[in-house]
Structure formats: structure tokens, C-alpha cells
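Listed below are the residues making up each chain.
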Amino acid sequence: MPKQKIRIKLKGFDHKILDQAAHQIVEALERTGAITTGPVPLPTHIKKFSVIRSPFIDKDSQEQFEIRTHKRFIDIVDTTSKTIDALTNLNIPAGVGIDIKTIGV
């Protein structure tokens, strides 16, 4: 049977909360004896918006806004039955999106 990796992708708008969640996940996995790599920071996606301040007199004046989406991923190389239980029982802070996938190696 081929070994399987588990990849956890984290997304969030606040990088401090995202790093805190990643640290919490890595700590829980190391307590169960799993071998992990990461958290690996991925490039930040920046979405920019320009909005007209006023439709009449000040229509040449614009305001700029941006939304930054920070991403991290953690690979679990060697898993045990305790690792999956630890992952399901974690309390992750609000504002962090998690995607868990298995990868066949």
C-alpha cells in the first residue's frame, strides 16, 4: 500500500491569527507523534479596489482598498490514528479557513 500524506491548507485575512492556528495544529500533531513539515507560507493574494469618492463634483478623486489573503500549508508525512483524532478535536480561531486533503505518494 502506498504511503499517504495529509496536506492541510490554511487561509485567512489576518496573518497573526493564521500563524497562531498553524502553530496550534503543529503542536497538536507533534504531541501525537506525527512527522510534519511546515507551516510553509505561500504567496499572499492581494485584491485591490478603486472606488470613486463622489459621483458628482469629486469624481476624479478615488479611494483605494485592498484585501490580503494569506495562505499556509502543513504536510503530515507520517500519521497515526491519534493524529486524525487530534485534528478533529482542535479549536481553531475564527477567521481561518481549513482544507484537509490526502495525497498519495
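Residues numbered from 1 in each chain as written. Predicted model: local features only at pLDDT ≥ 70, side-chain atom pairs only at ≥ 80, totals over all residues. Heavy atoms only, no water.

Trainee: Explanation requested: the sheet that holds strand β2 (residues 35–52) in the structure shown.
Mentor: Backbone-to-backbone hydrogen bonds pair the strands of a sheet. The strands run either parallel or antiparallel. Across the sheet, which stays open at both edges, the four strands sit in the order β2-β3-β1-β4 with antiparallel pairing between neighbours. The open sheet terminates on both sides in strands that have one partner only, identified here as β2 and β4 (96–104). Sheet twist, expressed as the mean angle between neighbouring strand axes with direction ignored, is 20 degrees. Sheet topology places strand β1 (residues 4–12) next to β4; nine bridges connect them, and they run antiparallel. (Pairing = 2+ DSSP bridges. Helix = DSSP H or I, 4+ residues; strand = E, 2+ residues; numbered from the N terminus. Axes fitted to C-alpha atoms, helices over the stretch in contact; angles between N-to-C directions.)

Trainee: Explain the nonpolar core here, please?
Mentor: Nonpolar side chains tend to gather and get buried jointly when the protein is soluble and globular. Counting residues in hydrophobic clusters, the biggest one holds 14 residues, and the most contacted among them are I8, L10, I25, L29, I74, I76 and L87. Looking at this core element by element, the count peaks at six residues for helix α1 (residues 15–31). (Core = buried A, V, L, I, M, F, W, Y, C linked by side-chain atoms within 4.5 Å. Buried < 20%, exposed > 50% of the residue type's maximum accessible area, 1.4 Å probe, protein only.)

Trainee: I'm lost on the packing of aromatic side chains in this one. Help?
Mentor: Given two aromatic rings, one states the distance between the centres and the angle between the planes to describe the pair. Tallied over the entire structure, the rule returns zero aromatic pairs. The positively charged end of R7 is found above the aromatic ring belonging to F73, 4.5 Å away from the centroid. (Phe/Tyr/Trp six-rings, centres within 6.5 Å; stacked < 30°, edge-to-face > 60°. Lys NZ or Arg CZ within 6 Å of the ring centre and 35° of its normal.)

Trainee: Just to check I follow, could you spell out α1 for this structure?
Mentor: Side chains of residues three or four places apart in an α-helix project in the same direction, reflecting 3.6 residues per turn. Compared with the 24 Å implied by 1.5 Å per residue over 17 residues, the 24 Å span of α1 between its first and last C-alpha is a close match. If you check which residues of α1 are buried, you get L18, A21, A22, I25, V26, A28 and L29. One face of α1 carries all of its buried residues, which in axial projection span an arc of 165 degrees. Turned more than 90 degrees away from the buried face of α1 sit K16, E30 and R31, all of them exposed. Packing partners of the buried residues in α1 comprise β1, β2, β3 (62–78), α2 (81–88) and β4. (Expected span 1.5 Å × (residues − 1). Arc of directions from axis to C-beta. Contact = heavy atoms within 4.5 Å.)

Trainee: I'm lost on the side chain of T36 in this one. Help?
Mentor: Turning to its location among the elements, T36 is positioned in strand β2. Beyond its immediate stretch of four places on either side in the chain, T36 contacts V26, L29, E30, I74, D75 and I76.

Trainee: Sorry, what's going on with the pattern of salt bridges here?
Mentor: Opposite charge on two side chains lets them pair, provided their charged atoms get close. Tallied over the full model, the rule gives three salt bridges. A salt bridge links D75 to R7; the nearest nitrogen and oxygen atoms lie 2.7 Å apart. Here the residue D75 occupies a position in strand β3, and R7 occupies one in strand β1, the gap between them amounting to 68 residues. Residue class for D75 comes out buried when judged on its relative accessible area of 5%. (Salt bridge = Lys/Arg side-chain N within 4 Å of Asp/Glu carboxyl O.)

Trainee: Help me out: how do you make sense of the pairing of β1 in this one?
Mentor: In regular strands, side chains alternate between the two faces of the sheet. Two strands pair when backbone bridges link them, and β1 and β3 are joined in this way by seven bridges, in the antiparallel orientation. Looking across to β3, one finds that G12 is bridged to H70.

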